[in-house]
Amino acid sequence: MIKELTCVCISDTHGLHEDMPPLPNGDVLIHAGDCLGTGSISSLESFAQWFESQPHQHKILVAGNHDKAIYQHPELIETLLPTTHYLQDSGVDISGVKFWGSPWTPTFYNWFFMLDRGEPLKERWALIPEDTDILITHGPPQFTGDTVSMPTGAEYVGCEDLLKRSRHLNLKTHVFGHIHEGYGEYRKQGRLLINACSCTEHYEPTNRPLTFAISCE
């Protein structure tokens, strides 16, 4: 019987998956979105072949704002990623650990899987079950791994409503990406938060994958 799961976290590979450092061993491979470069079907095919070939027993994928082919052709997921758990406002139980994934981020330019701040995003976050152990979202909650440099100074661009919802959940870990500058691990209020962006702010796929272990019930 499995006593704990080792989870390997990546995100924002932007079609550069073949150029990444080798992935560590683990039980669950988590990708928190922006897996595609051009957003094309051929880009999705390339990523899917690579992702499916990884040796991790379980694989989880959440889409991101650059993942045009997934947004426009969701029917391809089952064909191209048959052993991957694709989560879009949905969850999966792995050895008693409950994962939930959602791709939505606050509207910024004309990308994909984006919703306006306020009620549209609050409705999505309200779907997160109370008993979720591991939350995977493409974007970060406000004030954690979400700082970007602007001409007027640093700004927090994460989702305020995601922060509010997550505070009411007994999460063990929250995995996200989207904001490349925020890569790293954070600990707040007894939980682990991981910005797993694989690409730097200059779109170099050199950030190492981040890992964590969680006990199985």
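The rules behind these values
- Residues numbered from 1 in each chain as written.
- Predicted model: local features only at pLDDT ≥ 70, side-chain atom pairs only at ≥ 80, totals over all residues.
- Heavy atoms only, no water.
- Helix = DSSP H or I, 4+ residues; strand = E, 2+ residues; numbered from the N terminus.
- Rg over C-alpha atoms; globule rule 2.2 N^0.38 Å.
- Buried < 20%, exposed > 50% of the residue type's maximum accessible area, 1.4 Å probe, protein only.
- Contact = heavy atoms within 4.5 Å.
- Lys, Arg positive; Asp, Glu negative; His and termini not counted.
- Charge placed at Lys NZ, Arg CZ, Asp CG, Glu CD.
- Phe/Tyr/Trp six-rings, centres within 6.5 Å; stacked < 30°, edge-to-face > 60°.
- Polar contact = N/O pair within 3.5 Å; in protein donor to acceptor, adjacent residues only side chain to side chain.
- Pairing = 2+ DSSP bridges.
- Axes fitted to C-alpha atoms, helices over the stretch in contact; angles between N-to-C directions.
- Salt bridge = Lys/Arg side-chain N within 4 Å of Asp/Glu carboxyl O.

Draft legend 1. Summary view of the overall build of the chain. For the chain, the count of helices and strands is five helices and 15 strands. A compact globule built from 217 residues should have a C-alpha radius of gyration of about 17 Å, and the chain, at 16 Å, falls within 12% of that. Across its three principal axes, the chain shows a C-alpha extent of roughly 45 × 40 × 30 Å. Counting only residues that meet the buried cut, the chain has 54% of its 217 residues in that class. Summarising the internal contacts of the chain: among those between residues at least 6 apart in sequence, 62% fall at separations of at least 24. Here the chain carries 15 positive and 28 negative side-chain charges, and the mean point of each set is 8 Å from the other.

Draft legend 2. Geometry of the packing of aromatic side chains. Applying the stated rule across the entire model yields eight aromatic pairs. Both rings, one in Phe47 and one in Phe51, keep their centres 5.1 Å apart while their planes meet at 25°; by these two values the pair is stacked. Here Phe51 and Phe47 lie together in helix α1 (residues 41-53), a separation of four residues that amounts to about one turn. Of the two residues, Phe47 and Phe51, neither departs from the other in class, the shared state being buried. When the ring of Phe108 is compared with that of Tyr109, the centres are 4.3 Å apart and the planes differ by 50°; the resulting orientation is tilted. Taking the relative accessible area as the measure of exposure, Tyr109 reaches 65% and is therefore exposed. Taken together, the ring pairs in this structure connect Tyr71, Trp104, Phe112 and Phe113 into an aromatic cluster.

Draft legend 3. Seen up close, the side chain of Asp89. If you trace the backbone, Asp89 turns up in the loop between β4 (84-86) and β5 (90-94). The class for Asp89 is buried, based on a relative accessible area of 15%. Side-chain polar atoms of Asp89 contact the side chain of Arg124, separated by 2.9 Å. Excluding residues that lie within four positions of it along the chain, Asp89 makes contacts with Trp100, Gly101, Ser102, Pro103, Trp104, Arg124 and Leu127.

Draft legend 4. Here's a closer look at the side chain of His174. Among the structural elements, His174 can be located in strand β12 (residues 173-176). Of the polar contacts made by the side chain of His174, one reaches the side chain of Thr137; its length is 2.8 Å. What His174 contacts, discounting residues up to four positions off in sequence, is Leu135, Thr137, Gly139, Pro141, Leu162, Leu192, Leu193 and Ile194.

Draft legend 5. The sheet that holds strand β2 (residues 28-31), seen in detail. Taken together, five strands build an open sheet; the order of strands is β4-β3-β2-β1-β15 and the sheet is mixed. Every interior strand has two partners, whereas the edge strands, β4 and β15 (210-215), have only one. Neighbour-to-neighbour, the strand axes of the sheet open up by a mean angle of 25°, direction not taken into account. Those strands touched by α1 are β1 (4-10), β2, β3 (58-61) and β4, and its axis lies near 150° from that of β3.

Draft legend 6. Just the environment of Val157, in detail. Topologically, Val157 is positioned in the loop between β11 (153-156) and α5 (160-167). Here the alpha-carbon distance between Val157 and Ile30, two residues 127 residues apart in the chain, equals 23 Å. If near-sequence neighbours (up to four positions away) are discounted, Val157 is found in contact with Arg117, Asp146, Val148 and Ile179.

Draft legend 7. Summary view of the pattern of salt bridges. Tallied over the entire structure, the rule returns six salt bridges. For Asp89, the salt bridge goes to Arg124, with nearest N and O atoms at 2.9 Å. Of the two residues, Asp89 sits in the loop between β4 and β5 while Arg124 sits in helix α4 (residues 119-125), which places them 35 residues apart along the sequence. Among the ionic pairs, Lys122 bridges to Glu119, the shortest N-O distance being 3.3 Å. Of this pair, Lys122 and Glu119 both sit in helix α4, three residues apart, which is roughly one turn of the helix. Here Lys122 falls in the partly exposed class, since its relative accessible area comes to 38%.

As far as function goes, none of this settles anything; it's purely spatial.
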